[in-house]
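Structural characterization, general
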Amino acid sequence: MEPPPSLKPPCHQPLTAALPTLTELSTNQIEFLNKQLNTRKDLITKAPLLLTDLTKSYSDSHSDHINFQRNLAKRIVSWISHSFEAKSSVTDLNYMLENLSLRTSPYGFCSRKMKRFVNEEMPQIVKCLKRIESIGKYVDIALRLEALVGDLEDAVYSTGDLHARNMFSAKHLTSLISTDFGLKQERLVRAIQVMNNIEDILVDVAKFHPQWSHLLQSIDVRVDKSLVVVRPQILADYRALLASLGWPPKLLTSKVDSGEITSLPNPLVLMEGNKRKKFSESFLDVCALEHLQTRRQNRQCNMFGQNECTTRLWAIDELVSPFASRLEYHFSKWVEQPEFIFALVYKITKDFIVGVDDVLQPLIDRARLASYSAREAWVSAMVQMLSGFLSKSVVSVLVERYKNKDMYVEVASSWLYLMDHIVVFDKRMQSLVSSEINFFLKSEGHNEPSIGVSVLTMFCGRPDWLKIWAKIELKDAIKKLKLDLKDERAWSLDKESGVNFQHSAIDYKAPLVAKSAIKIAWEMIERCQSLPDILLRVRFIKSTTGKFLWYLLNVLVLRCKNTEFPLDYADNVLIKVCGSINAARYIASKLQEWSDDVNFLEMTVAEKKLDVNRNDNSADDNMFFAEEVKCLTELETNWLMDIITALLHHFEALSWEYLQHTQHFEHGRENFTSAAISVSSDIVEALDTLKTELNTLMSCLNPQDFLDLWRSVANGLDHFISSSIATSDVRYSRKGIDQFEADMQALLFVFRPFCARPEAFFPCIKEALRLLKMSREEINHFQVISSNVLNRTKILSSVGILHLTYDLVDKILMKSEFKS
């Protein structure tokens, strides 16, 4: 609710400059001057009198204005007291009505007139009282703010600013004479204190009375005008004081040009006595002004209670600013030798960091700037200074040359060389900050660089530069991988490629090329770790490491597709395919390990927020490299199945004659014991080939995949052989059953190196032998009790048959000759 126009606080009009140009004067002012000062003689004779008249007129107007404000305040206070009396009377009336018995007749509670008063007029009175109370609060706050703003303007306009007063103001003319540094410093400090008091009130208004937006805007406009005066004054005084202290120290041009970097004297440590006191006061003023500006910005952005701070400090930025012009002179000579640039900046940053810690940090603590580190602000300012130079004079030039395709090789080499030095430099600068970790400073993630302490901030506003960088990195990575792939030894097993976990060690038997590819991918990830924007890191990694992994996946797929499974030289083929499977498993495990890191988890969350259309249907979608891991796992699974299928088909082809040959099982020899039975000659080749293939796979395939493989092969053989018994035309004699059992023992012997009890993985063959060994009586009894279809499953389980269907059991029983 806005107050009536008569109760709104007065708003001062902005004052014009002291000596404005002709174009800045209004038409009335020009006519007034032309009328009063028509000739040069008038300027000499009439000007003093005119100044006296104008000064007296201003004083009278100023006195009238003050009297008006006093009368207005008295009338407002009188009006408020009357409103309080009215409020008190209404409150007493309300109390009397509450205690008054309104039942006056047996036909109703009260008269119509009383009902109307209670139901209609009373709510209006309460509403008016609330409005009066709100107006009272508004007037009270407006008067307090008006008084504080008046004090602020008095403090500001008496500091000697040339643009703050009217050209005819006598007060302004006297302020120009005041050159006392201490007095001016005191007035500036007072102005900052008043602005903080104003901000305290405005924060409460913004929180509890947001409808008073016009009041907030009017006060902000007047405070902004004062800040326009105060900030340049404080910073100018601070710079002048730094210059008087000998900051920045001079660089010996001859030694710097030759690449020799010597220690520099530190004026921060050398200053003493009165100089140190003045510097401390000026430093604190700059910090106080910055703290005020931060509070105002937070309030205007509705960030109440949020400590949104950065590493930057105005006072320390002003220390770095004079260095920039001097250093850029030397930097421009070393564009082709960036290592000298980084070495010089690191040397200067490190040499002055002791003074920053010992002198500036205590001052920041006195200024009560919580969560700010002088060391980090100093390092950040130096890094940003270097980042600005590289962006303007180095990277922008490389970008222009990159557009020329004929210069790509040269530009790519220079770009990568520069990035190598930037990565090393960022790590060295981070090491200067690491001992001063600020636990209360808001950072974007765990183990991430401090905000702003990275030269790579130059990419934050230039997505086109980031895209060029990513393309160069990707082409260089693919080039390195192609060089590795040219050597056939790249696919040989790496005996040290195992990944050690906390409680176990897994040997992936990955080829050397897989380890090399992971190293290349991780190097690209590391190079962007100091990018301050998390979304830029996501974009860079997806454009470099992500595309590189897809290229590597295509290499593995093509290597497998170019491989067939001829039966005559299967060992070489198996070794080749196993190399790709091992590589896929190793790379997938490393990507899962990376995705579990907190930095990648935060990037995954940021990517989801950016991609609102992303559909998260499984837990794997929480992985940063979910798609890559999924495709690598599919490659691994599909080619394992192809190997299993090839082994089973190979065994089937070699054993087909054995399973269909009736002489082995129908006509058993009667002149030897069961213990002397040897393996059938028709299955020896199949078993020997299977053993050789499995041993080859065990030596070249990673243990986890080999475990799945031999168990799947055993399961396939179990179903194949048990089904062949039922589908063949063979009828088993007692001696034939013994021969079949001996052959199956030989099959189990092939799998014995892989487990202690291989028979557990051939349950169907085991149950088929049990059925073949049944006597005639047992078979007849089984057929009788199994005539009831409903109980067949229970009957089969009662005799130990758990893996064969009833139809298959019935067919196997028909193959027995029922000889006792």
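So, here's what we can say about the structure.

Cut-offs applied
Residues numbered from 1 in each chain as written. Predicted model: local features only at pLDDT ≥ 70, side-chain atom pairs only at ≥ 80, totals over all residues. Heavy atoms only, no water. Helix = DSSP H or I, 4+ residues; strand = E, 2+ residues; numbered from the N terminus. Contact = heavy atoms within 4.5 Å. Areas by Shrake-Rupley, 256 points an atom, 1.4 Å probe, with all protein chains shown as cover. Expected span 1.5 Å × (residues − 1). Buried < 20%, exposed > 50% of the residue type's maximum accessible area, 1.4 Å probe, protein only. Salt bridge = Lys/Arg side-chain N within 4 Å of Asp/Glu carboxyl O. Core = buried A, V, L, I, M, F, W, Y, C linked by side-chain atoms within 4.5 Å. Axes fitted to C-alpha atoms, helices over the stretch in contact; angles between N-to-C directions. Parallel < 35°, antiparallel > 145°, perpendicular 65-115°, else oblique. Nonpolar A, V, L, I, M, F, W, Y, C, P; charged D, E, K, R; others polar. Phe/Tyr/Trp six-rings, centres within 6.5 Å; stacked < 30°, edge-to-face > 60°. Left-handed = near helix turned anticlockwise from the far one by under 90°. Patch = residues over 30% accessible without salt bridge, like charges linked within 9 Å, V, L, I, M, F, W, Y side chains within 5 Å. Lys, Arg positive; Asp, Glu negative; His and termini not counted. Charge placed at Lys NZ, Arg CZ, Asp CG, Glu CD.

1. Structural notes on the overall build of the protein
Looking only at helices and strands, the protein features 28 helices and 2 strands. Considering only intrachain contacts with a sequence separation of at least 6, the fraction spanning at least 24 residues in the protein is 78%. As displayed, the protein has an accessible area near 44,200 Å², and 55% of this comes from carbon and sulfur atoms.

2. A look at helix 22 (residues 681–700)
The terminal C-alpha atoms of helix 22 lie 30 Å apart, and with 20 residues this matches the ideal 28 Å at 1.5 Å per residue to within 8%. Every buried residue belonging to helix 22 is among I683, A686, L687, T689, L690, E693, L694, T696, L697 and C700, and all of these are buried.

3. Some details on the pattern of salt bridges
Should the charged atoms of two oppositely charged side chains come close, the side chains can pair. For the coordinates displayed, the defined rule picks out 26 salt bridges. Between K347 and D351 there is a salt bridge, and its shortest N-O distance comes to 3.6 Å. On the criterion of helical spacing, the pair formed by K347 and D351 is a turn pair, its members being 4 residues apart in helix 12 (residues 338–366). According to the relative accessible area criterion, K347 is partly exposed, its value standing at 26%. When its relative accessible area of 22% is taken as the criterion, D351 is described as partly exposed.

4. Things to note about the nonpolar core
By size, the foremost hydrophobic cluster in this structure holds 219 residues, and its most contacted members are F279, L360, W378, L709 and F751. Per-element tally for this core: the top contributor is helix 13 (residues 374–402), with 16 residues. Among all residues touching F279, those that are not within four sequence positions of it are Y238, L241, L242, L245, L268, M271, V359, L360 and L363.

5. Details of the environment of F323
Within the secondary structure, F323 sits in helix 11 (residues 314–331). Between the C-alpha atoms of F323 and L251, which are 72 residues apart in sequence, the distance is 9.8 Å. Contacts of F323, omitting those with residues within four sequence positions, involve W247, P248, P249, I348, F352 and W378.

6. A closer look at the packing of helix 12 against helix 14 (residues 408–434)
The axes of two packed helices give the description: the angle between them and the distance between them. Packing of helix 12 against helix 14 brings their axes to within 10 Å, and their N-to-C directions diverge by 10 degrees. In terms of orientation, helix 12 lies roughly parallel with respect to helix 14. Across from P338, E339, F342, V345, Y346, T349, K350 and I353 in helix 12, the residues of helix 14 making contact are Y417, L418, H421, I422, F425, R428, M429 and L432. Each residue belonging to the contact of helix 12 with helix 14 can be placed in one class, and the counts come to 11 nonpolar, 2 polar and 3 charged.

7. Considering the packing of aromatic side chains
The geometry of two aromatic rings is summed up by the distance between their centres and the angle between their planes. All told, the structure shown has 27 aromatic pairs when counted by the stated rule. On the numbers, 6.2 Å between centres and 80 degrees between planes, the contact of F751 with F754 is edge-to-face. For F751, a relative accessible area of 0% corresponds to the buried category. Judged by relative accessible area, which is 14%, F754 ranks as buried. One aromatic cluster is present, formed by F706, W710, F751, F754, F761 and F762 through successive ring pairs.

8. Observations concerning the packing of helix 23 (residues 703–727) against helix 28 (residues 806–814)
The interhelical angle for the contact between helix 23 and helix 28, taken along N-to-C directions, is 60 degrees, at an axis separation of 8 Å. Compared by their axis directions, helix 23 and helix 28 come out oblique. Pair helix 23 / helix 28 crosses with left-handed handedness. Residues S722, I725 and A726 of helix 23 form the contact with helix 28, whose participating residues are L808, K811 and I812.

9. Considering a positive patch on the surface
On the surface, K467, K471, K475 and K547 cluster together to form a positively charged patch. The biggest single contributor to the positive patch is helix 15 (residues 463–485), with 3 residues. Structurally, the position occupied by K475 is in helix 15. K475 sits in the partly exposed class, given a relative accessible area of 47%.

10. Looking at the environment of I364
Along the chain, I364 turns up in helix 12. Along the primary structure I364 and C287 are separated by 77 residues, whereas in three dimensions their C-alpha atoms are 7.4 Å apart. Once residues lying within four places of it in the same chain are set aside, the contact partners of I364 are F283, L313, I316, L369, Y372 and A374.

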